[in-house]
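The residues making up each chain are set out below.
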Amino acid sequence: MFKDNTLENETILITGGGSGLGLSMAHKFAKLGADIAICGRTEEKLEKAVKELKEYGTDVHYYVADVRDYEAVGQMFDGIISDMGKVTGLVNNAAGNFLSASEDLTPGGFKAIVDIVLIGSFNCTHHFGNHLIKQKEKGNILNIVTTYAEDAGSGFVLPSACSKAGVLAMTRSLAFEWAEYDIRVNAIAPGPFPTEGAWTRLFPTKKFEKKYLDKIPAGRYGNHEELANLASFLMSDLAPYITGECVTIDGGEKLSAGQFNFIDSLMSRSKLKKVFKMMKGK
Ligand code: HXC
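In this text, all values refer to a predicted model and were calculated from it rather than measured experimentally.

Basis of the calculations
Residues numbered from 1 in each chain as written. Predicted model: local features only at pLDDT ≥ 70, side-chain atom pairs only at ≥ 80, totals over all residues. Heavy atoms only, no water. Helix = DSSP H or I, 4+ residues; strand = E, 2+ residues; numbered from the N terminus. Rg over C-alpha atoms; globule rule 2.2 N^0.38 Å. Buried < 20%, exposed > 50% of the residue type's maximum accessible area, 1.4 Å probe, protein only. Contact = heavy atoms within 4.5 Å. Areas by Shrake-Rupley, 256 points an atom, 1.4 Å probe, with all protein chains shown as cover. Lys, Arg positive; Asp, Glu negative; His and termini not counted. Charge placed at Lys NZ, Arg CZ, Asp CG, Glu CD. Axes fitted to C-alpha atoms, helices over the stretch in contact; angles between N-to-C directions. Parallel < 35°, antiparallel > 145°, perpendicular 65-115°, else oblique. Left-handed = near helix turned anticlockwise from the far one by under 90°. Salt bridge = Lys/Arg side-chain N within 4 Å of Asp/Glu carboxyl O. Near = heavy atom within 4 Å. Polar contact = N/O pair within 3.5 Å; in protein donor to acceptor, adjacent residues only side chain to side chain. Nonpolar A, V, L, I, M, F, W, Y, C, P; charged D, E, K, R; others polar. Core = buried A, V, L, I, M, F, W, Y, C linked by side-chain atoms within 4.5 Å. Expected span 1.5 Å × (residues − 1). Phe/Tyr/Trp six-rings, centres within 6.5 Å; stacked < 30°, edge-to-face > 60°.

Q: Account for the overall build of the protein, with residues named and values stated.
A: A count of helical and extended segments in the protein gives 9 helices and 7 strands. For the protein, the C-alpha radius of gyration of 20 Å lies close to 19 Å, the compact-globule estimate for 282 residues. Here the C-alpha coordinates of the protein stretch approximately 70 × 45 × 40 Å along the principal axes. When burial is assessed residue by residue, the protein has 47% of its 282 residues classed as buried. A separation of at least 24 residues holds for 73% of the contacts in the protein among residues at least 6 apart in sequence. For the protein, the exposed area adds up to about 15000 Å²; of that, 55% sits on carbon and sulfur atoms. Of the charged side chains in the protein, 32 are positive and 34 negative; the average position of the first set lies 12 Å away from that of the second.

This is the structure we're talking about:
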């Protein structure tokens, strides 16, 4: 789908880029010619990721930084400019999440997630946006949210649902405000893409996982490459007129809310068709 130079002139920072979906996006962006900066809290993870990413021959750097810390994020951007000369793209991918009954949450637990997801995204976006505006340069922001950021929210992940909804509001608010500066702001709402970080925290047993898989119309989880392709498109000059958009990529999972979709889980499709036939003409 993409030419090898699709992201050739880009320098993209991916937060939480040392593992999981962040690292998968980094691989794809580097393969398409982008210079890559990744940040995270664990140096060993970042070091290992940078070694992997160097295979594509572009410039790759890591920064040990906690997105919750506004000053540290500012120093990281100074470091990127000094090491790499510019920064044209930001992917707010760093996240935190855990399962909990909401009545059992502590204020500290709620705050921990809001700080990583909402405040962390603001911190990076604010520094990045100010840099671009000051330099009179165009740029791209991509926020990784979730399918529950919109509409239904989700029980048992209240801090994440509130934070991701905030990030989505930020996406649309800034897309309008910063279009003036040629800064695009979009979001991707991924359904289930297996990563160690999410899976160990959100699926404690095989039974949880099986139940979850059952509600995905496509009958499978997403492949990281599929998400990385979408992210590459949105971060590239192939999408210069798209801003403020949130693209869902979830194998149809979100559509299970359709009023009569539940009947699909009652019996096999062939049995259902027999029932429909019996009902015809009644
Ligand atoms: C209840 C919990 C908890 C849990 C931590 N806390 N884990 N409360 N249940 N399982 C509470 C603690 O008691 C503490 O509150 C507060 O949260 C901070 O905990 P710390 O361990 O001190 O925080 P910290 O070391 O900063 O770690 C943050 C973290 C951790 C979020 C808790 O798990 C983390 O770093 N996660 C990053 C990676 C991650 O979560 N990836 C999954 C993203 S998946 P008190 O009150 O005691 O101070 C995702 C997509 C979802 O977002 C969609 C998937 C389909």
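From this point, the discussion proceeds with the structure in view.
Q: An account of the packing of helix 1 (residues 20-31) against helix 2 (residues 43-53) is requested, with residue identities and associated values reported.
A: When two helices pack together, their arrangement is given by the angle between their axes and by how far apart the axes lie. The contact between helix 1 and helix 2 brings their axes to 10 Å, and the two run at 25 degrees. In terms of orientation, helix 1 lies roughly parallel with respect to helix 2. The element helix 1 and its partner helix 2 pack so that their crossing is right-handed. Between helix 1 and helix 2, the contacting residues are Leu-23, Ala-26, His-27 and Ala-30 on the first element and Ala-49, Glu-52 and Leu-53 on the second.

Q: Any details on the pattern of salt bridges? Residues and values, ideally.
A: Taken as a whole, this structure holds 12 salt bridges when the rule is applied. If you follow the salt bridges from partner to partner, you end up with Glu-150, Arg-172 and Lys-254 in one network.

Q: A description of the site of the ligand should follow, citing residues and the corresponding values.
A: Around the ligand, 18 residues are found, and the nearest of them are Arg-41, Arg-68, Asn-97, Thr-106 and Arg-201. With respect to the ligand, the backbone of Gly-109 contributes an N or O atom lying 3.4 Å from an oxygen atom. Considering the ligand on its own, with 1100 Å² of exposed area, one finds that the protein chains cover 59% of that surface. Ranked by residue count, the leading element in the shell around the ligand is helix 4 (residues 107-135), at 5 residues. Here the residues of the shell around the ligand sort into 9 nonpolar, 6 polar and 3 charged.

Q: Explain the nonpolar core to me, using residue names and the numbers behind them.
A: Generally speaking, a soluble globular protein has its nonpolar side chains buried in company with each other. Judged by nonpolar contacts, the single largest core of 34 residues is most densely connected at Leu-13, Met-76 and Ile-80. Elements represented by at least two residues in this core include exactly strand 2 (35-40), helix 3 (70-84), helix 4, helix 5 (158-177) and strand 6 (183-190). Looking at this core, the element that brings in the most residues is helix 4, giving 6 residues. Residue contacts for Leu-13: discarding those within four places in its chain leaves Ala-37, Ile-38, Cys-39, Met-76, Phe-77, Ile-80, Val-87, Gly-89, Leu-90 and Val-91. Judged by nonpolar contacts, the second largest core, of 31 residues, contains Phe-29, Ile-38, Leu-142 and Leu-230.

Q: Before we move on, could you go through helix 3 and cite the residues and values that matter?
A: Spacing of three or four residues puts side chains on the same side of an α-helix, whose turn is 3.6 residues. The end-to-end C-alpha separation of helix 3 is 21 Å, in line with the 21 Å expected for 15 residues at 1.5 Å each. When helix 3 is considered as a whole, its buried residues turn out to be Val-73, Gly-74, Met-76, Phe-77, Gly-79, Ile-80 and Met-84. Looking at the buried residues of helix 3, the elements they touch are strand 1 (11-15), strand 2, strand 3 (60-64) and helix 4. Taking the backbone nitrogen of Glu-71 as reference, a side-chain oxygen 3.2 Å away marks Asp-69 as the first, capping residue of helix 3.

Q: An account of the packing of aromatic side chains is requested, with residue identities and associated values reported.
A: Each aromatic ring pair is summarised here by two numbers: the centre-to-centre distance and the angle between the ring planes. In this structure the tally under the stated criterion is 5 aromatic pairs. Pairing Tyr-212 with Tyr-221 gives two aromatic rings, centres 6.5 Å apart and planes at 25 degrees, and the pair type is stacked. These aromatic residues form a ring-pair network of at least three members: Trp-199, Phe-203, Tyr-212 and Tyr-221.

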